[in-house]
Amino acid sequence: MDFLTFLYKTAPGRILLKPLTSRKLSRLIGNFLDSESSSILIKHFIKKNKINVDDYELDGIKTFNEFFRRKIKDGKRVFDTNPESLCSPCDGLLLAWKIQKDTVIPVKQSEFTIKSLLRDDKLAAEFENGLCLVFRLCVNHYHRYCFADSGPKTENVGIWGKLHTVRPIALEDHPVFIENTREYTAIESPVFGKFIQMEVGAMLVGWIVNLADKGFAVRGQEKGYFEYGGSTIILLLKDGKVQLRDDILQNSQNGIETPVIMGETIGKAQKDW
């Protein structure tokens, strides 16, 4: 029995789960991972997760968190220059869902409505019949993310919650994307219309670090980064704005995640709106 199965599937594990999903513990662990003592973890982490260190800027890294939020070298993540191409804002595993009024959207074994995700009924109604794109980041992925497109952006809206892992074992019994801490902004794209870009924290990832508040988003510009752990990016797009790639649609219909990297084209602007 692995540790996550113990936590989520046994009585003693559920007793431990409450303090483990608290922001206080997340802060304590974060403090350790920000210390130079944590550098001892880096070598094993690289080997275990088969990370190609040649892709990253590693000079001056002294702590585990500095390594985890490492920057990638220029040219390794390039956005498609066609303004009608919708590009992935991050590295991750992508699932796409059609948004329907008052219906739950399955993500692995979890379910949520857009209303409960945003906690804003009026805003949620704007995305009825649109698309919900869920990018699941694993620990081996690059944990910095960019704006999916350019346009005026609202202030960042934070929703503080519990910090669960986004691994499937946790999704079986917990509405992770409802309970977990998350932060989002609305962006007015001249090509794709108004869309939501949201970051969701996971267990031991208490900190979603967004670099800019209200102002103007620039397509492909770094939006922020996650501290340690697997995390999630969500895009909400209005009806009729984007035609996703066929393979992403087909995989999503079969419950299969499609691996994508930051800047990769995942869809095109629809012409009939």
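The present account deals with the structure reproduced in this document.

The rules behind these values
- Residues numbered from 1 in each chain as written.
- Predicted model: local features only at pLDDT ≥ 70, side-chain atom pairs only at ≥ 80, totals over all residues.
- Heavy atoms only, no water.
- Pairing = 2+ DSSP bridges.
- Helix = DSSP H or I, 4+ residues; strand = E, 2+ residues; numbered from the N terminus.
- Axes fitted to C-alpha atoms, helices over the stretch in contact; angles between N-to-C directions.
- Phe/Tyr/Trp six-rings, centres within 6.5 Å; stacked < 30°, edge-to-face > 60°.
- Buried < 20%, exposed > 50% of the residue type's maximum accessible area, 1.4 Å probe, protein only.
- Lys NZ or Arg CZ within 6 Å of the ring centre and 35° of its normal.
- Polar contact = N/O pair within 3.5 Å; in protein donor to acceptor, adjacent residues only side chain to side chain.
- Contact = heavy atoms within 4.5 Å.
- Patch = residues over 30% accessible without salt bridge, like charges linked within 9 Å, V, L, I, M, F, W, Y side chains within 5 Å.
- Areas by Shrake-Rupley, 256 points an atom, 1.4 Å probe, with all protein chains shown as cover.
- Salt bridge = Lys/Arg side-chain N within 4 Å of Asp/Glu carboxyl O.

### Some thoughts on the sheet that holds strand β19 (residues 265-269)
Link 1 in the chain: Strands sit in the order β3-β19-β17 across an open sheet of three strands; the sheet is antiparallel. Each end of this open sheet is capped by a strand with a single partner; those strands are β3 (85-87) and β17 (242-244). Mean inter-strand twist for the sheet, computed between neighbouring axes without regard to direction, equals 35°.
Link 2 in the chain: Two elements, β17 and β19, share three bridges in a ladder whose sense is antiparallel. Bridged to Q243 within β19 is K268.

### So, the sheet that holds strand β13 (residues 208-210)
Link 1 in the chain: Strand order in the open sheet formed by three strands is β8-β15-β13, with antiparallel pairing between adjacent strands. Each edge of the open sheet is held by one strand with a lone partner, namely β8 (144-146) and β13. Taken over all neighbouring pairs, the strand axes of this sheet differ in orientation by 20° on average, direction set aside.

### What to know about the packing of aromatic side chains
Link 1 in the chain: For the structure on display, the rule yields six aromatic pairs.
Link 2 in the chain: An angle of 20° between the planes, with centres 6.3 Å apart, marks the rings of F64 and F68 as stacked. A residue pair is termed a helical-turn pair when its members lie 3 or 4 positions apart in one helix, as F64 and F68 do in helix α5 (residues 64-68) at four residues. One exposure class covers both F64 and F68, and it is buried.
Link 3 in the chain: Across the ring face of Y56, the terminal group of R70 is positioned such that the distance to the ring centre comes to 4.3 Å.
Link 4 in the chain: Directly above the aromatic system of F67 lies the positively charged group of R70, at a separation of 4.5 Å from the ring centroid.

### Brief notes about the side chain of S85
Link 1 in the chain: Among the secondary structure elements, S85 is positioned in strand β3.
Link 2 in the chain: In this structure the side chain of S85 is engaged in a polar contact, spanning 3.0 Å, whose partner is the side chain of D80.
Link 3 in the chain: Once residues lying within four places of it in the same chain are set aside, the contact partners of S85 are D80, F192, R219, T265, G267 and K268.

### Re the environment of K214
Link 1 in the chain: Its place among the elements puts K214 in the loop between β13 and β14 (215-217).
Link 2 in the chain: K214 sits in the exposed class, given a relative accessible area of 67%.
Link 3 in the chain: Setting aside residues no more than four positions away along its own chain, K214 makes contact with K153, T154 and E155.

### Quick look at a nonpolar patch on the surface
Link 1 in the chain: On the surface, F32, I40 and L41 cluster together into a nonpolar patch covering about 300 Å² of accessible area.
Link 2 in the chain: With respect to the secondary-structure elements, F32 resides in helix α3 (residues 23-33).
Link 3 in the chain: Under the relative-accessibility criterion, F32 is labelled partly exposed at 39%.

### A closer look at the pattern of salt bridges
Link 1 in the chain: All told, the structure shown has 13 salt bridges when counted by the stated rule.
Link 2 in the chain: Salt-bridge contacts for R77 lead to D91; the nearest nitrogen and oxygen are separated by 2.8 Å. On the criterion of sequence distance, the pair formed by R77 in the loop between β2 (71-72) and β3 and D91 in the loop between β3 and β4 (92-98) is long-range, its members being 14 residues apart.
Link 3 in the chain: With a shortest N-O distance of 3.2 Å, D149 and R219 are connected by a salt bridge. Taken together, the residues span a long stretch of sequence, with D149 in the loop between β8 and β9 (151-153) and R219 in the loop between β14 and β15 (222-226) at a distance of 70 residues. Of the two residues examined, D149 and R219, each falls in the buried class.
Link 4 in the chain: A single salt-bridge network, built from bridges that share partners, covers D34, R69 and E227.

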